Amino acid sequence: MRILHTSDWHLGRSFHRVNMLGAQAGFIGHLVATVRERAVDAVVVSGDVYDRAVPPLAAVELFDDALHRLAALGVPTVMISGNHDSARRLGVGAGLIDRAGIHLRTEPSAAGTPVVLADAHGDVAFYGLPYLEPALVKDEFGVDRAGHEAVLAAAMDRVRADLATRAPGTRSVVLAHAFVTGGRASDSERDITVGGVAAVPAGVFDGVDYVALGHLHGCQTLTERVRYSGSPLAYSFSEADQRKSMWLVDLDAGGAVSAERLDCPAPRPLARIRGTLEDLLADPALARHTDAWVEATLTDAVRPADPMARLTERFPHTLSLVFAPERAPDDPEVSYARRLAGRSDQQIAEDFVAHVRGAGPDEREAAVLRDAFDAVRADAAVLEVAR
């Protein structure tokens, strides 16, 4: 069976105030053409179809267009909800849409109920594990402590239990939206850390033939059977060096996997340039970035006059301007934002405790902080679902 694996469309998202809907429509056209031209048997979309729980109407219309075009090809499509989606909204009408060959899997309770497709060699069971917010699904899966590894392991137990009842030789594909150990993150993914732990081990998914992951925006191979497709478009400058693509996966009669990486069309290249303003305006080596979306980091000791206006004369598509004067880390003029860069909310809170009382939190106090951050995040997830 030939499977096209994609994820993280983030329909409705902009890029530094640039409307990306045209580029997203271009990707959908590319996806449909690929399905037709490469004789794809099934499409899997591993979450974050939309960029937010209540997407703009134009994004919903584009999704609707994608569903109609995929259904018209007669190629089954399996989709799960991600942490950016509202699972309940995405799942509206799933039973009816199912009849058109579009299988939306947004309910955690259905983790062990597959979409079963057949080819010349027998059945392939597709299990959809939507994003599992631990605080919201721990009771469903009967786990004592809310954590990503615990709820995913419980969901996979249901998958393996169902698979054991299937005919011998039944092959299996799992769609999941999670941060798996070994994956490399970028700046554009929403943090899903729970209890200070973000990642789950790849071994959670043992026992199935292919795991189609979503959440991380870079295309990655964790093992031959466990892969991220990444997002089809770049959504932050941290993705400037990423090659945006999809996986074309062939699952043979015995469940062996072979995969080919297929490039996605890019609306415009991304470039990150750094130096003093005068150097950036004069350096001939930077001429290749004239047509790129540019993030410029200025290292001038004193902020120059009209930097954005001057930069856009040479780089018309400059979208982001960062000031980072080259100073020693202990220089009091180093900005607050730079001191916080790369630090989690938990670390920032612990630093604050250390600052106000002269010593950081002990183990018990750190646990209280973790629980507080987890509770706030869980409450935000509940409110997002309820909107």
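To be clear, the structure that these remarks concern was listed above.
The rules behind the values
- Residues numbered from 1 in each chain as written.
- Predicted model: local features only at pLDDT ≥ 70, side-chain atom pairs only at ≥ 80, totals over all residues.
- Heavy atoms only, no water.
- Phe/Tyr/Trp six-rings, centres within 6.5 Å; stacked < 30°, edge-to-face > 60°.
- Helix = DSSP H or I, 4+ residues; strand = E, 2+ residues; numbered from the N terminus.
- Buried < 20%, exposed > 50% of the residue type's maximum accessible area, 1.4 Å probe, protein only.
- Axes fitted to C-alpha atoms, helices over the stretch in contact; angles between N-to-C directions.
- Parallel < 35°, antiparallel > 145°, perpendicular 65-115°, else oblique.
- Left-handed = near helix turned anticlockwise from the far one by under 90°.
- Contact = heavy atoms within 4.5 Å.
- Pairing = 2+ DSSP bridges.
- Nonpolar A, V, L, I, M, F, W, Y, C, P; charged D, E, K, R; others polar.
- Core = buried A, V, L, I, M, F, W, Y, C linked by side-chain atoms within 4.5 Å.
- Lys, Arg positive; Asp, Glu negative; His and termini not counted.
- Salt bridge = Lys/Arg side-chain N within 4 Å of Asp/Glu carboxyl O.
- Polar contact = N/O pair within 3.5 Å; in protein donor to acceptor, adjacent residues only side chain to side chain.
- Expected span 1.5 Å × (residues − 1).

Colleague: Would you mind showing me how to read the packing of aromatic side chains here?
Modeller: Aromatic ring pairs are described here by two measures, namely the spacing of the ring centres and the angle between the planes. For the structure shown, the criterion picks out four aromatic pairs. Where W9 meets F27, the ring centres are 5.8 Å apart and the plane angle is 70°; that geometry is what we call edge-to-face. Here F27 lies in helix α1 (residues 21-37) and W9 lies in the loop between β1 (2-6) and β2 (14-15), a separation of 18 residues in the sequence. Taking the relative accessible area as the measure of exposure, W9 reaches 1% and is therefore buried.

Colleague: I keep staring at the packing of helix α5 (residues 134-141) against helix α6 (residues 148-164) and nothing clicks. Help me out?
Modeller: Packed helix pairs are characterised by how far apart their axes lie and by the angle those axes make with each other. Taken N-terminus to C-terminus, the directions of α5 and α6 make an angle of 40°; their axes are 10 Å apart at the nearest point. By the angle between their directions, the pair α5 and α6 is classed as oblique. Here α5 runs over α6; the crossing is left-handed. The residues of α6 that touch α5, namely those facing P134, V137, K138, E140 and F141, are H148, V151, A154, A155 and R158.

Colleague: What is the right way to read the pairing of strand β10 (residues 210-214) from this model?
Modeller: The side chains of a regular strand alternate between the sheet's two faces. Of all five residues that make up β10, five are buried, and the element is covered over most of its length. Here β10 shows no split at all, with Y210, A212 and G214 on one side and V211 and L213 on the other all buried. Pairing geometry for β10 and strand β12 (residues 226-228), over three bridges, is parallel. Counted as the bridge partner of L213 is Y228 from β12.

Colleague: Teacher, can you tell me more about the sheet that holds strand β4 (residues 42-46) here?
Modeller: Whenever strands of a sheet pair, they do so through backbone hydrogen bonds, lying parallel or antiparallel. If you walk across this open sheet you meet the six strands as β6-β5-β4-β1-β13-β14, and the pairing is mixed. The sheet is open, and its two edges are formed by β6 (102-105) and β14 (257-263), each paired on a single side. Adjacent strand axes in the sheet meet at a mean angle of 20°, parallel and antiparallel pairs treated alike. Seen against the sheet, α1 touches β1, β4, β13 (245-251) and β14 and runs at an angle of roughly 170° to β1.

Colleague: I would appreciate a short explanation of the sheet that holds β12 in the present structure.
Modeller: Ordered in space as β7-β8-β9-β10-β12-β11, the six strands form an open sheet in which the pairing is mixed. Two strands in the sheet have a free side with no partner beyond their single neighbour: β7 (115-119) and β11 (220-223). Averaged over all pairs of adjacent strands, the angle between strand axes in this sheet comes to 20°, irrespective of strand direction. As paired elements, β11 and β12 share three bridges and run antiparallel to each other. The residue bridging Q220 from the neighbouring strand is Y228, located in β12. The sheet strands contacting α6 are β8 (122-129) and β9 (171-177), and the helix crosses β8 at an angle near 160°.

Colleague: What is the right way to read the packing of α1 against helix α2 (residues 57-73) from this model?
Modeller: Where α1 contacts α2, the axes come no closer than 10 Å and their chain directions differ by 10°. In terms of their interaxial angle, α1 and α2 are classed as roughly parallel. Of the residues in α2, those touching α1 at L21, Q24, A25, I28, G29, V32, V35 and R36 are A58, A59, L62, A66, R69, L70 and L73. Among the residues forming the contact of α1 with α2, the class breakdown is 11 nonpolar, two polar and two charged.

Colleague: How should I be thinking about the nonpolar core in this particular structure?
Modeller: Inside soluble globular proteins, nonpolar side chains tend to come together where they are buried. L129, F141, V174 and F205 are the most contacted members of the largest nonpolar core, which totals 32 residues. Elements with a contribution of two residues or more to this core: β8, α5, α6, β9, β10 and β12. For this core, the element with the highest residue contribution is α6, accounting for seven residues. Those residues within four positions of L129 in sequence are excluded, and the remaining contacts are I80, A111, L152, A155, M156, V159, V174, L175, A176 and H177. One finds A59, A94, L248 and C264 within the second-largest nonpolar core, a separate group that totals 29 residues.

Colleague: What exactly am I supposed to notice about the side chain of D8 here?
Modeller: Counting through the fold element by element, D8 comes out in the loop between β1 and β2. R13 provides the closest opposite charge to the buried, salt-bridge-free D8, at an N-O distance of 7.5 Å. Among the polar contacts listed, one links the side chain of D8 to the side chain of S7, at a separation of 2.7 Å. Separated by 2.9 Å, the side chain of D8 and the backbone nitrogen of H215 make a polar contact. In contact with D8, other than residues within four places in its own chain, are G47, D48, H177, G214, H215, L216, H217, S231, P232 and Y235.

Colleague: When you look at α1 in this model, what are you seeing that I'm missing?
Modeller: Two residues of an α-helix separated by three or four positions point the same way, owing to the 3.6 residues in each turn. For α1, spanning 17 residues, the distance from its first C-alpha to its last is 24 Å, which sits close to the expected 24 Å at 1.5 Å a residue. Every buried residue of α1 is accounted for by A23, Q24, F27, I28, L31, V32, A33, T34 and V35. Those residues of α1 that are buried lie in contact with β1, β4, α2, β13 and β14. Of the residues one or two after α1, A39 is the one with positive phi, at around 50°.

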